[in-house]
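# Geometric and topological summary
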Amino acid sequence: SAAMVQYFAKAAAGSGIPEVKTILNGFVMPDVVSTRTLLVKMPGLALAVAAGMALGKEGPLVHVGVCWAQLLSGFSSQFSNEARRRELISAASSAGVSTAFGAPLGGVLFSLEEVSTIFPPRTLIRCFTCAVSAALVLSLIRGAQPSQSQQGLTMFSVEYNQPAHAAEHVVFALLG
């Protein structure tokens, strides 16, 4: 995957979140969200996760979501306006985090707090719709695999088999 990045799309290196922030702040970076970057980032992410490498997949998933949004926005004249395209990129970043963690509200909060500098109310609704749609598609895909249907929405889950001790309740109460 490193060879693909080196020779085909150098913009696919790294997590992609700083580049997405830069685009949402008004800079034009066409190589970062190009189809070439998408075609290198997707197999690179799949290979890195399948190899069990210690890396966070939320950054690359945000970048992949933004690349898809850029690619699909070319099919509609509705997104020829730069402000509308920024709203779409904010929504796509929320979908990427929602897919990584299986948490649509986490995706919306990520888009609101971390990525976007301008966040009108209509963008909030679009981000929420996009994040929920991504989580639903993820749950449909995960539910189609019978061996993993017990697991959870993402590849990691935690089960609590023992009740909490009374001392832990005191500590939680003190924390507020």
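Read on for an overview of the structure.

The rules behind the values
- Residues numbered from 1 in each chain as written.
- Predicted model: local features only at pLDDT ≥ 70, side-chain atom pairs only at ≥ 80, totals over all residues.
- Heavy atoms only, no water.
- Helix = DSSP H or I, 4+ residues; strand = E, 2+ residues; numbered from the N terminus.
- Buried < 20%, exposed > 50% of the residue type's maximum accessible area, 1.4 Å probe, protein only.
- Areas by Shrake-Rupley, 256 points an atom, 1.4 Å probe, with all protein chains shown as cover.
- Lys, Arg positive; Asp, Glu negative; His and termini not counted.
- Charge placed at Lys NZ, Arg CZ, Asp CG, Glu CD.
- Core = buried A, V, L, I, M, F, W, Y, C linked by side-chain atoms within 4.5 Å.
- Axes fitted to C-alpha atoms, helices over the stretch in contact; angles between N-to-C directions.
- Left-handed = near helix turned anticlockwise from the far one by under 90°.
- Contact = heavy atoms within 4.5 Å.
- Disulfide = S-S within 2.5 Å.
- Polar contact = N/O pair within 3.5 Å; in protein donor to acceptor, adjacent residues only side chain to side chain.
- Patch = residues over 30% accessible without salt bridge, like charges linked within 9 Å, V, L, I, M, F, W, Y side chains within 5 Å.
- Salt bridge = Lys/Arg side-chain N within 4 Å of Asp/Glu carboxyl O.
- Nonpolar A, V, L, I, M, F, W, Y, C, P; charged D, E, K, R; others polar.

### Side note on the overall build of the chain
- On a plain count of helices and strands, the chain comes out with 8 helices and 0 strands.
- Along the first, second and third principal axes, the C-alpha atoms of the chain reach 55 × 40 × 30 Å.
- Burial status across the chain gives 33% buried among its 176 residues.
- Total accessible area on the chain is roughly 10,700 Å²; 65% of this is exposed by carbon and sulfur atoms.
- Within the chain, the 9 negative side-chain charges are centred at a point lying 11 Å from the centre of the 11 positive side-chain charges.

### Brief notes about the nonpolar core
- Ranked by size, the top nonpolar core spans 14 residues in total, and within it Val20, Val62, Val66, Ile89 and Phe110 carry the most contacts.
- Going through the elements one at a time, α2 (17-24), α4 (58-73), α5 (82-101) and α6 (104-115) are the ones with two or more residues in this core.
- A total of 4 residues in this core trace back to one element, the largest contributor, which is α2.
- The next biggest cluster of nonpolar side chains, apart from the first, holds 5 residues, and it includes Ala91, Val108, Cys127 and Ala131.

### Topic: the packing of helix α3 (residues 35-50) against α4
- Packing of α3 against α4 brings their axes to within 9 Å, and their N-to-C directions diverge by 145°. Handedness of the α3/α4 crossing: left-handed. Facing Thr35, Thr37, Leu38, Lys41, Met42 and Leu45 of α3, the residues of α4 in contact are Pro60, Leu61, His63, Val64, Cys67, Trp68 and Leu71.

### Points about the state of the cysteines
- Counting across every chain of the model gives 0 disulfides.
- Here Cys127 is not cross-linked by a disulfide; its sulfur's nearest cysteine counterpart is in Cys130, at 7.3 Å.
- The exposure class of Cys130 is partly exposed, given its relative accessible area of 27%.

### What about the environment of Thr35?
- Topologically, Thr35 is positioned in helix α3.
- Taking the C-alpha atoms as reference points, Thr35 and Thr123, separated by 88 residues in sequence, lie 24 Å from one another.

### What about the side chain of Ser116?
- Position of Ser116 relative to the elements: it lies in the loop between α6 and α7 (121-143).
- Residue Ser116 is classed as buried on the basis of its relative accessible area of 10%.
- Separated by 2.8 Å, the side chains of Ser116 and Ser90 make a polar contact.
- Sequence-distant contacts of Ser116, defined by excluding residues within four places in its chain, comprise Leu24, Ser90 and Ser111.

### Details of a nonpolar patch on the surface
- Side chains of Met42, Trp68, Leu72 and Phe75 sit close together on the surface and give an oily, nonpolar patch of about 440 Å² of accessible area.
- As for its position among the elements, Trp68 is in helix α4.

### Concerning the packing of α5 against α7
- For the pair α5 and α7, the least separation of the axes is 8 Å and the interaxial angle reads 35°. The interaxial crossing formed by α5 with α7 has right-handed handedness. Of α7, the residues touching α5 (which contributes Arg84, Glu87, Ser90, Ala91, Ala92, Ser94, Ala95, Ser98 and Thr99) are Arg122, Thr123, Arg126, Cys127, Cys130, Ala131, Ala134, Ala135 and Leu138.
- Class assignment of the residues belonging to the contact of α5 with α7 gives a composition of 9 nonpolar, 5 polar and 4 charged.

### Re the side chain of Arg85
- Tracing the sequence through the fold places Arg85 in helix α5.
- A polar contact of 3.0 Å, which involves the side chain of Arg85, links it to the backbone oxygen of Phe79.
- Apart from residues lying up to four places away in sequence, Arg85 is in contact with Gln70, Ser73, Phe79 and Ser80.

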